[in-house]
There are 2 protein chains.
Amino acid sequence: MKRPPDSALLTDLYQLTMLQAYYEQDMQDTAVFEFFVRKLPRQRNFLVAAGLEQVLDYLETLHFTAEELDWLNSCGRFSSDFVDWLAGFRFRGEVRAMAEGRVFFADEPILQVIAPLPQAQLVESRLINILNFQTLIASKSVRARLAAPDALLVDFGMRRAHGGEAALLAARASYLAGFDGSATVLAGALYSIPLFGTMAHSFVLAHDEELLAFEHFAQAQPDNVVLLIDTYDTEAAATRLQELAPRLARRGIRIKGVRLDSGDLAEHARRVRRILDQAGLSEVTIFASGNLDEYALQRLRADGAPIDGFGLGTRLDTSADAPSLDCAYKLEEYAGRPRRKRSEGKATWPGRKQLWRHRDESGLLCGDTLGLATEEHPGEALLRPVMRDGRRLAAAEPLSDIRARLRQELERLPETLLRLEPQPAYPVEISPALRRLAAELDAATH
Amino acid sequence: MKRPPDSALLTDLYQLTMLQAYYEQDMQDTAVFEFFVRKLPRQRNFLVAAGLEQVLDYLETLHFTAEELDWLNSCGRFSSDFVDWLAGFRFRGEVRAMAEGRVFFADEPILQVIAPLPQAQLVESRLINILNFQTLIASKSVRARLAAPDALLVDFGMRRAHGGEAALLAARASYLAGFDGSATVLAGALYSIPLFGTMAHSFVLAHDEELLAFEHFAQAQPDNVVLLIDTYDTEAAATRLQELAPRLARRGIRIKGVRLDSGDLAEHARRVRRILDQAGLSEVTIFASGNLDEYALQRLRADGAPIDGFGLGTRLDTSADAPSLDCAYKLEEYAGRPRRKRSEGKATWPGRKQLWRHRDESGLLCGDTLGLATEEHPGEALLRPVMRDGRRLAAAEPLSDIRARLRQELERLPETLLRLEPQPAYPVEISPALRRLAAELDAATH
């Protein structure tokens, strides 16, 4: 049996039971689904679109293997006619999307799927699974970048990310949001994300002498000598580098940095900086890790801690202060007719939509308009075609392009939204035509 | 390139750089690492061990493919001698572990790896990645089961789980912790976990008439007719079942249940129950979903809401109130000598350990003892050999056995620990010999 992320069975049961009903009723007309976030987490002033690339991969390759079809036949829930039909199932629809690295706000669709109903339906679970997570992590990561614009920022979160795919995709999402790289090797191998790493406490503990551990590490990684100095006594270890540095220098090896991973990081950093400077090691940088997030970075910066780089792990890769987005993938149109869910607190804007972004005379973003795709509005239309007949319209975008797009987007965001603290919402106007359509549907249903 | 979860590159860079140093220094002596949780989340009175099965899978199959070795050679960080050595790398060590489904507490190792240092080191990142997540979800899930002992509980979290593997493993962890099943199809196919599912709002919206949607669904899934009734007006939909039920009954189809997914669930459930009962549909069950967790279940139960089953999604699969464990995998012994990290706030108990669990005269758990593996204590020793020479000692345990073990464990836990509210910690005694060893090491180092 294929494993995630490649299995067509990585979906919710109800997608398949609904598909059987669509199959039996021959409901194959065109459906339009949109993915959007209903409400931003309180601690986010904007979100960063991410994950489109993996969605397109998924849509392009989605099919049921013989083994999966056998299982579906054997599980006793589906007719063999339906399972036979699934054998030929492919996604052949159209996708419009906001480019990765764009910022977006509540109620704004970042992805629109236009396909025969069964195709657009089946993909819901995995599509949300991909977009929710990467957008979550990109939106958290960018805040760390805003808190420490010039620091080296590295994703250290693999071990406490929720499973292997989360670790890999968190490395991607944090990198596209402005991190310098990740410690996760596979992210380097698959996505060419720059890799960073130092040493673990176990490395120091496995040696009888801390200094010997440093020396062995330096020999093995002469171009990347970052030494973890808090296993026993941080300042004592820093002091002993005075002895180690010249010894290594004679072999042409330079100590690049030290890492602090416990205690009062600001206080240790100040003391270690002093010790290093007095030893003539002012080029040795200080790197810190240990339960860090954007709030900690902001405090350390405000406190003037002489820290050059940060490793962010658990809190980044789990988006600890907001571990999910209130997002949805909703049917907005079927067989040419707009549709509207009205469940309490979960009502949606109906119809096939488009989103326009406006800038003021100085070039700053000053509001978006959400309207029907058939409308015309000034501003930049943000949903662009990315897939037609189940094939992507362009090759995968380099992560460097996505990074550059986000940097540019941030330069144009109103300054208040760049703060970590909650701010009044960015204005998203609902077009009069869209409001009218919603009211008409409400009046017409039942 | 292989994808997670199967790639040997799914690790932190520093594991490989440390390995190169171990290789160069020929540090291949036996190391003992232990995985434990430093501190329980405030909202957990106990944790449930989970994930061992996937750890053993990983250790048994771990190796570098030709493609991975090529990448390591090309990335410019490693010597070709070292990469050649990695070609033959396998895990051939020993593992002792607490069985899945046992409860455990702070500082208690649930897994011990005894292997040549490079083998025990490299696996750290993925091993934590697996154990942290499944233990997290099992420990959250069991609380939902405690809050609603007799309700049908289903994992609905795939879409907002952090990636595909998290979705799959959350289904496994919640099932072993007492859930009745999951909506994630792949979990049914891979782990034989019972599957549950109803229909989505899109199914209702794709039909021009709600009742027609219900009828089509019932025809397609005659044995599993659970109807989502909140798309437009919950009570109106419930009322119309009076008309639908006899029509379906004539075709031998029974409405099994309805699902509520929005609004005040207790209030809607009461009204819907009344409507159904008055229509002679008292056997139709009520299933609820929508932002549920153990606290919501407790409130709904206290409120007397007539709800028979619950779908738990986002908050369960992200363990939203505690999205990570403060866990570690630490070197406790190398080359026959115990080791102790002393970093501030992160000091560990050194040496190769064992854990004994005590019961009082009535059979209730009354405390654990953490001591050295060489000690003898009364009570049940919880770390048992599960792997030798890199081969598991027994076949994968059926999930039903793990479920039964946890049920038995819960019957023996002091009643206070079964409450959702924070309680005083369960007593874990550190043996005098272990305390002595820690003090000796502190005195000896530096």
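Since this is a predicted model, take the numbers as computed values, not measurements.

The rules behind the values
Residues numbered from 1 in each chain as written. Chains lettered and ligands numbered in written order. Predicted model: local features only at pLDDT ≥ 70, side-chain atom pairs only at ≥ 80, totals over all residues. Helix = DSSP H or I, 4+ residues; strand = E, 2+ residues; numbered from the N terminus. Buried ≥ 20, exposed ≤ 12 C-beta atoms within 10 Å, placed from the backbone. Contact = placed C-beta atoms within 7 Å. Domains from an automatic or database assignment. Core = buried A, V, L, I, M, F, W, Y, C linked by C-beta atoms within 7 Å. Nonpolar A, V, L, I, M, F, W, Y, C, P; charged D, E, K, R; others polar. Pairing = 2+ DSSP bridges. Least-squares fit on C-alpha atoms with pLDDT ≥ 70 in both. Axes fitted to C-alpha atoms, helices over the stretch in contact; angles between N-to-C directions. Expected span 1.5 Å × (residues − 1). pLDDT = per-residue confidence, 0-100. Parallel < 35°, antiparallel > 145°, perpendicular 65-115°, else oblique. Left-handed = near helix turned anticlockwise from the far one by under 90°.

J.: Just to check I follow, could you spell out the overall build of chain A for this structure?
T.: For chain A, the helix and strand inventory stands at 16 helices and 19 strands. If one aligns the C-alpha atoms of chain A with their principal axes, the spans along those axes are about 80 × 60 × 35 Å. Going through the 446 residues of chain A one by one, you find that 57% of them count as buried. Sequence-distant contacts, at least 24 apart, represent 72% of the contacts inside chain A between residues at least 6 apart.

J.: Teacher, can you tell me more about the domain arrangement of chain A here?
T.: Interfaces are frequently sized by the accessible area removed from exposure as the parts join. Segmentation of chain A into domains returns domain 1 (13–137 + 323–444) and domain 2 (198–289). Here the C-alpha centre of domain 2 of chain A lies 48 Å away from the C-alpha centre of domain 1 of chain A.

J.: Help me out: how do you make sense of the nonpolar core in this one?
T.: Counting 298 residues, the largest nonpolar core has Phe217(A), Phe217(B) and Val258(B) as its most contacted members. In contact with Phe217(A), other than residues within four places in its own chain, are Met199(A), Phe203(A), Val225(A), Leu227(A) and Ala21(B).

J.: Please explain the interface of chain A and chain B as it appears in this structure.
T.: Contact with chain A, which involves 88 residues of that partner, is made by 88 residues of chain B. Breaking the side of chain A that touches chain B down by element, the ones donating at least two residues are helix 1 (13–25), helix 5 (117–122), helix 6 (124–147), helix 7 (164–176), helix 8 (185–191), helix 9 (201–206), helix 10 (210–220) and strand 12 (326–334) of chain A. No other element matches the nine residues that helix 1 of chain A contributes to the side of chain A that touches chain B. Here the residues of the side of chain A that touches chain B sort into 42 nonpolar, 31 polar and 15 charged.

J.: Honestly, the pairing of strand 17 (residues 384–388) of chain B in this entry has me stumped. Any pointers?
T.: Side chains on a regular strand alternate between the two faces of the sheet. All names here are of chain B. Taken together, the three bridges between strand 3 (residues 94–97) and strand 17 define a ladder with antiparallel strand orientation. Within strand 17, the position partnered with Val 95 by the bridge is Met 387. Inspection of the sheet shows strand 17 paired to strand 18 (residues 391–392) by two bridges, in the antiparallel sense. Paired with Arg 388 across the bridge in strand 18 is Arg 391. Linking strand 17 to strand 18, which pair antiparallel, is a turn of two residues; within it Asp 389 sits at a positive phi near 50°.

J.: Looking at this model, I keep getting lost on the environment of Ile286(B). Mind explaining?
T.: Residue and element names in this part refer to chain B. Tracing the backbone shows Ile 286 in strand 10 (residues 285–289). A C-alpha to C-alpha distance of 9.7 Å links Ile 286 and Leu 227, two positions 59 residues apart in sequence. If sequence neighbours within four positions are ignored, Ile 286 has contacts with Gly 257, Val 258, Leu 260, Ala 269, Val 272, Arg 273, Pro 306, Ile 307 and Asp 308.

J.: Explanation requested: the relation of the copies chain A and chain B in the structure shown.
T.: Related by rotation about an axis and a shift along that axis, the two copies of the chain form a pair. Laying chain A over chain B is done by rotating through 180° and shifting 0.0 Å along the axis; what remains is an RMSD of 0.0 Å. Expressed as a symmetry operation, the mapping of one chain copy onto the other fits a two-fold axis. Take the interface residues of chain A: 99% of them recur as interface residues in chain B, which is what a same-surface contact looks like.

J.: What is the right way to read the sheet that holds strand 12 (residues 326–334) of chain B from this model?
T.: The strands that make up a sheet pair up through hydrogen bonds in the backbone, lying either parallel or antiparallel. Residues and elements named next belong to chain B. With respect to topology, seven strands assemble into an open sheet ordered 13-12-1-5-3-17-18, the strand pairing being antiparallel. Every interior strand has two partners, whereas the edge strands, strand 13 (337–338) and strand 18, have only one. Docked against the sheet, helix 2 (residues 52–61) engages strand 3, strand 5 (111–116), strand 17 and strand 18, running at close to 25° with respect to strand 17.

J.: Explanation requested: unusual backbone geometry in the structure shown.
T.: Among all residues save glycine, negative phi is the norm, and among peptide bonds the norm is trans. Residues and elements named next belong to chain B. In this structure, Asp 26 is a non-glycine residue whose phi angle is positive, near 55°. Looking at where Asp 26 falls in the secondary structure, it is placed in the loop between helix 1 (13–25) and strand 1 (30–39). Residue class for Asp 26 comes out exposed when judged on the 7 C-beta atoms lying within 10 Å of it. Of note, the phi angle at Ser 192 is positive, near 55°, even though the residue is not glycine. With respect to the secondary-structure elements, Ser 192 resides in the loop between helix 8 (185–191) and helix 9 (201–206). Take Ser 192: there are 12 C-beta atoms within 10 Å of it, and that puts it in the exposed class.

J.: Mind showing me how you'd approach helix 7 (residues 164–176) of chain B here?
T.: For an α-helix the count is 3.6 residues per turn, leaving residues at separations of three or four pointing the same way. Here helix 7 of chain B contains 13 residues, and its C-alpha end-to-end distance of 19 Å stays within 8% of the 18 Å for a straight helix at 1.5 Å per residue. Among the residues trailing helix 7 of chain B, Gly178(B) stands out with phi positive, at a value near 115°.

J.: Help me out: how do you make sense of the sheet that holds strand 9 (residues 257–260) of chain A in this one?
T.: All names here are of chain A. Taking strand neighbours across the sheet as the criterion, the six strands line up as 7-6-11-10-9-8 in an open arrangement whose pairing is parallel. On the outer flanks of this sheet lie strand 7 (181–182) and strand 8 (226–228), each paired with one strand and no other. Note that strand 8 and strand 9 share three bridges and pair parallel. Opposite Val 226, over in strand 9, you have Gly 257 as the bridge partner.

J.: What's the story with the confidence of the model for chain A in this structure? I'm lost.
T.: In regions of low pLDDT, the predicted coordinates are not meant to be interpreted in detail. Residues with a pLDDT of 70 or more make up 98% of chain A, whose mean pLDDT is 96. Prediction confidence for the complex, expressed as pTM and ipTM, is 0.97 and 0.97 respectively.

J.: Please clarify how helix 6 (residues 124–147) of chain B should be interpreted in this entry.
T.: The end-to-end C-alpha distance of helix 6 of chain B, which contains 24 residues, comes to 35 Å, matching closely the 34 Å that a straight helix rising 1.5 Å per residue would cover. Of all the 24 residues making up helix 6 of chain B, 24 are buried; the element is thus mostly covered by neighbouring parts of the structure.

J.: Before we go on, may I ask you to explain the packing of helix 6 of chain A against helix 7 of chain A in this structure?
T.: Helix-helix packing: each pair is described by the crossing angle between the helix axes and the interaxial distance. Residue and element names in this part refer to chain A. Taken N-terminus to C-terminus, the directions of helix 6 and helix 7 make an angle of 45°; their axes are 8 Å apart at the nearest point. When the axis of helix 6 is compared with that of helix 7, the two are oblique. The handedness of the crossing between helix 6 and helix 7 is right-handed. Mapping the contact onto sequence places Phe 133, Gln 134, Ile 137, Ala 138 and Ser 141 in helix 6 and Ala 166, Leu 169, Ala 170, Arg 172, Ala 173, Ser 174 and Leu 176 in helix 7. Residue composition of the contact of helix 6 with helix 7, by class: eight nonpolar, three polar and one charged.

J.: Please clarify how the pairing of strand 6 (residues 152–155) of chain A should be interpreted in this entry.
T.: Residue and element names in this part refer to chain A. Sheet analysis places strand 6 next to strand 11 (residues 309–312), joined by four bridges and oriented parallel. When the sheet's bridge partners are listed, Leu 153 is paired in strand 11 with Phe 310. Pairing of strand 6 with strand 7, which is carried by two bridges, proceeds in the parallel orientation. The partner of Asp 155 across the bridge, within strand 7, is Ser 182.

J.: What exactly am I supposed to notice about the packing of helix 2 of chain B against helix 6 of chain B here?
T.: All names here are of chain B. Packing of helix 2 against helix 6 brings their axes to within 8 Å, and their N-to-C directions diverge by 160°. One finds that helix 2 runs roughly antiparallel with respect to helix 6. Considering the relative orientation of helix 2 and helix 6, their crossing is right-handed. Mapping the contact onto sequence places Gln 54, Val 55 and Tyr 58 in helix 2 and Arg 126, Leu 127, Ile 130 and Leu 131 in helix 6. Classifying every residue of the contact of helix 2 with helix 6 gives five nonpolar, one polar and one charged.

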